[in-house]
Amino acid sequence: MSTASVTARPGAVLADLLPTSRVRDAALVLGGAALTGLAAQIAVPVPGSPVPVTGQTFAALLVGTTLGARRGFAALALYAAAGLAGVPWFAQGGSGASVSFGYVIGMLLAAAAVGALARRGADRSPLRMAGTMLLGEAIIYAVGVPYLALTAHMSATAAIAAGLTPFLIGDALKAALAMGVLPTAWKLTNKS
């Protein structure tokens, strides 16, 4: 086991502060998938929408920024594959491909994108972190809303009304939370 990654280097994410090993990477990927699955159980139904408000998107973006693009993508790929295989850890204990599965695909892509931005330091300042989270949310919606429209046989307007509009305030709150949490974590490590 190497300890070369214990100090932050250019291009590091928070997970890189742990000693490097394949076991570490596997544990981080498994932990990221599990965190996302647990956060998906925090769900509040939205009247008129088949998509609930969950902690799932925040967890997916947090996993991407803390693990980096490669491990973040792997964690969300594991989450998606296990959910499709029947593990009941999608929103509200669901599994399989539902009308909201497009959001899971979007989370996979968003985790990779925010992880790549975190490697460029986007997780170290509040303003950049807010922008990173908002970009991640935009990626999730760019996949999730059209998927919802297609699979639920909704018009684009109806899909936006059911699968985007009710979630905007919550997403702004998630971005605000991330603005404080991740830059503070770097400050606490004294490695930013």
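Coordinates for the structure precede this section.
Scope of this entry: the structure provided in the associated data block.

Calculation criteria
Residues numbered from 1 in each chain as written. Predicted model: local features only at pLDDT ≥ 70, side-chain atom pairs only at ≥ 80, totals over all residues. Heavy atoms only, no water. Axes fitted to C-alpha atoms, helices over the stretch in contact; angles between N-to-C directions. Helix = DSSP H or I, 4+ residues; strand = E, 2+ residues; numbered from the N terminus. Parallel < 35°, antiparallel > 145°, perpendicular 65-115°, else oblique. Left-handed = near helix turned anticlockwise from the far one by under 90°. Contact = heavy atoms within 4.5 Å. Nonpolar A, V, L, I, M, F, W, Y, C, P; charged D, E, K, R; others polar. Buried < 20%, exposed > 50% of the residue type's maximum accessible area, 1.4 Å probe, protein only. Arc of directions from axis to C-beta. Patch = residues over 30% accessible without salt bridge, like charges linked within 9 Å, V, L, I, M, F, W, Y side chains within 5 Å. Areas by Shrake-Rupley, 256 points an atom, 1.4 Å probe, with all protein chains shown as cover. Salt bridge = Lys/Arg side-chain N within 4 Å of Asp/Glu carboxyl O. Phe/Tyr/Trp six-rings, centres within 6.5 Å; stacked < 30°, edge-to-face > 60°. Lys NZ or Arg CZ within 6 Å of the ring centre and 35° of its normal.

Packing of helix α3 (residues 69-84) against helix α4 (residues 101-118) brings their axes to within 7 Å, and their N-to-C directions diverge by 165 degrees. As judged from the angle between their axes, α3 and α4 are roughly antiparallel. Relative to α4, α3 is oriented so that their crossing is right-handed. Where α3 approaches α4, its residues A69, G72, F73, L76, A77, Y79, A80 and L84 are matched on the opposing element by F101, V104, M107, L108, A111, A112, G115 and A116. Broken down by class, the residue content of the contact of α3 with α4 amounts to 14 nonpolar, 2 polar and no charged.

Another aspect to go through is the packing of helix α2 (residues 56-67) against α3. A packed helix pair is summarised by two numbers, namely the angle formed by the two axes and the spacing between the axes. The N-to-C vectors of α2 and α3 enclose an angle of 145 degrees; their axes lie 6 Å apart at closest approach. Between α2 and α3 the crossing geometry is right-handed. Here Q56, A60, V63, G64 and L67 of α2 lie close against α3, whose contacting residues are A69, R71, G72, A75, L76 and Y79. The class makeup of the residues in the contact of α2 with α3 is 7 nonpolar, 3 polar and 1 charged.

Next up on the list: helix α6 (residues 156-163). All of the buried residues in α6 are A159, A162 and G163. One side of α6 holds all its buried residues, which, seen down the axis, span an arc of 80 degrees. Those residues of α6 that are buried lie in contact with α4 and α5 (126-151).

Let us now look at unusual backbone geometry. Of note in this structure, Q92 is not a glycine but carries a positive phi near 60 degrees. For Q92, the position within the fold is in the loop between α3 and α4. The exposure class assigned to Q92 is partly exposed, which follows from its relative accessible area of 48%. For H153, which is not a glycine, the phi torsion comes out positive at approximately 55 degrees. Mapped onto the elements of the fold, H153 is located in the loop between α5 and α6. For H153, a relative accessible area of 75% corresponds to the exposed category.

Attention shifts here to the environment of G55. With respect to the helices and strands, G55 occurs in the loop between β2 (53-54) and α2. With 14 residues separating them in the primary sequence, G55 and Q41 have C-alpha atoms 7.5 Å apart. Leave out the neighbours within four places in its chain, and G55 touches A39 and I42.

A few words on a nonpolar patch on the surface. Residues F73, I105 and L109 make up a contiguous nonpolar surface patch of about 230 Å² in total accessible area. Considering the arrangement of structural elements, one finds F73 in helix α3.

It is worth spelling out the side chain of R71 at this point. The residue R71 is located in helix α3 in this model. In this structure R71 touches V13, A15, D16, R24, D25, L28, V29 and R119, once residues within four positions along its chain are discounted.

What follows concerns the packing of aromatic side chains. In this structure the tally under the stated criterion is 5 aromatic pairs. Ring geometry for Y79 versus W89: centroids 5.3 Å apart, planes at 45 degrees, classification tilted. Residue Y79 is located in helix α3, and its partner W89 is located in the loop between α3 and α4; the two are separated by 10 residues in the primary sequence. Grouping residues by exposure puts Y79 and W89 together as buried. Ring centres of F90 and F101 lie 5.9 Å apart, and the angle between their planes is 45 degrees; on these two criteria the pair is classed as tilted. Taken together, the residues span a long stretch of sequence, with F90 in the loop between α3 and α4 and F101 in helix α4 at a distance of 11 residues. Residue class for F101 comes out buried when judged on its relative accessible area of 9%. One aromatic cluster is present, built from ring pairs that chain together Y79, W89, F90, F101 and Y147. Across the ring face of W186, the terminal group of R124 is positioned such that the distance to the ring centre comes to 3.6 Å.

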